[in-house]
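Geometric and topological summary
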Amino acid sequence: DFEYAVTICGLGRQTYRLRPPEAIMRDVYDRLLPFAGLFNWSGACMSDASDLGLAMNAAALGMPDDSDRHFADVIALCERAGARSYQARGHYFWTTVLADRGDTARVREQAEITISLGTELGMTGPQGVVPRAHAILDAL
């Protein structure tokens, strides 16, 4: 089932917002880990890299070093693939996690990259990464 990794990656991302019980978050993380380093394929198009789900899930599990490593992997994969919009999203989600951690210096760094790349790509609409990254910076 080619949708399996897509679904598990989505669940990994959502663990950060929903914070289900730790056993569930751990199970999702373990199920997604074999897909690290890969973009997911939904049948019609490419979707997020599994590392994004792993990064968000690791953050929810209180594993900041693993989370940062997965975010770095997302960005490196996107750079190699030329997947710039996914790269901008990776920087944005890393910004949100760092903001929640209170890591102001790194928040600014990631937000500025998000804004620069997102502006270049036109990701400036109301739900785009650019205004959302600006909102995080404004809240610091």
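Remember, it's a predicted structure, so these values are computed and weren't measured experimentally.

**Brief notes about the side chain of histidine 91**
Mapping histidine 91 onto the fold places it in helix α5 (residues 84-101). Relative accessible area serves as the criterion here: at 5%, histidine 91 is assigned to the buried category. Not counting residues within four places of it along the chain, the set of residues in contact with histidine 91 comprises Ile75, Gln110, Ile113 and Thr114.

**Some details on the nonpolar core**
Counting 37 residues, the largest nonpolar core has Met56 and Phe71 as the members making the most contacts within it. For this core, the secondary structure elements donating two or more residues are α1 (3-18), α2 (22-32), α3 (50-60), α4 (64-81), α5, α6 (104-121) and α7 (129-139). With 7 residues, the single largest contributor to this core is α3. Beyond its immediate sequence surroundings of up to four residues, phenylalanine 71 is in contact with Leu52, Ala55, Met56, Gly90, Phe93, Trp94 and Val97.

**Side note on the environment of histidine 91**
Each C-alpha atom, one on histidine 91 and one on glycine 128, is 13 Å from the other, the two residues being 37 residues apart in sequence. A distance of 2.5 Å separates polar atoms of two side chains, one belonging to histidine 91 and the other to glutamine 110.

**Looking at α6**
The first and last C-alpha atoms of α6 sit 25 Å apart over 18 residues, in line with the 26 Å expected at 1.5 Å per residue. Buried within α6 are the following residues: Val107, Gln110, Ala111, Thr114, Ile115, Leu117 and Gly118. Contacts from the buried residues of α6 go to α4, α5 and α7. Of the residues flanking the end of α6, it is glycine 122, one or two places downstream, whose phi is positive at about 80 degrees.

**Considerations on the side chain of asparagine 57**
Residue placement: asparagine 57 occurs in helix α3. Residue classification places asparagine 57 among the buried residues on the basis of a relative accessible area of 1%. In this view, asparagine 57 contacts Gly12, Thr15, Met25, Val28 and Tyr29; residues no more than four positions away in its chain are not counted.

**So, the packing of α3 against α5**
Here α3 crosses α5 at 0 degrees, and the two axes come no closer than 11 Å. The orientation of α3 relative to α5 falls into the category roughly parallel. Mapping the contact onto sequence places Leu52, Met56 and Ala59 in α3 and Arg89, Gly90, Phe93 and Val97 in α5. Counted by class, the contact of α3 with α5 contains 5 nonpolar, 1 polar and 1 charged residues.

The rules we used
Residues numbered from 1 in each chain as written. Predicted model: local features only at pLDDT ≥ 70, side-chain atom pairs only at ≥ 80, totals over all residues. Heavy atoms only, no water. Helix = DSSP H or I, 4+ residues; strand = E, 2+ residues; numbered from the N terminus. Buried < 20%, exposed > 50% of the residue type's maximum accessible area, 1.4 Å probe, protein only. Contact = heavy atoms within 4.5 Å. Core = buried A, V, L, I, M, F, W, Y, C linked by side-chain atoms within 4.5 Å. Polar contact = N/O pair within 3.5 Å; in protein donor to acceptor, adjacent residues only side chain to side chain. Expected span 1.5 Å × (residues − 1). Axes fitted to C-alpha atoms, helices over the stretch in contact; angles between N-to-C directions. Parallel < 35°, antiparallel > 145°, perpendicular 65-115°, else oblique. Nonpolar A, V, L, I, M, F, W, Y, C, P; charged D, E, K, R; others polar.

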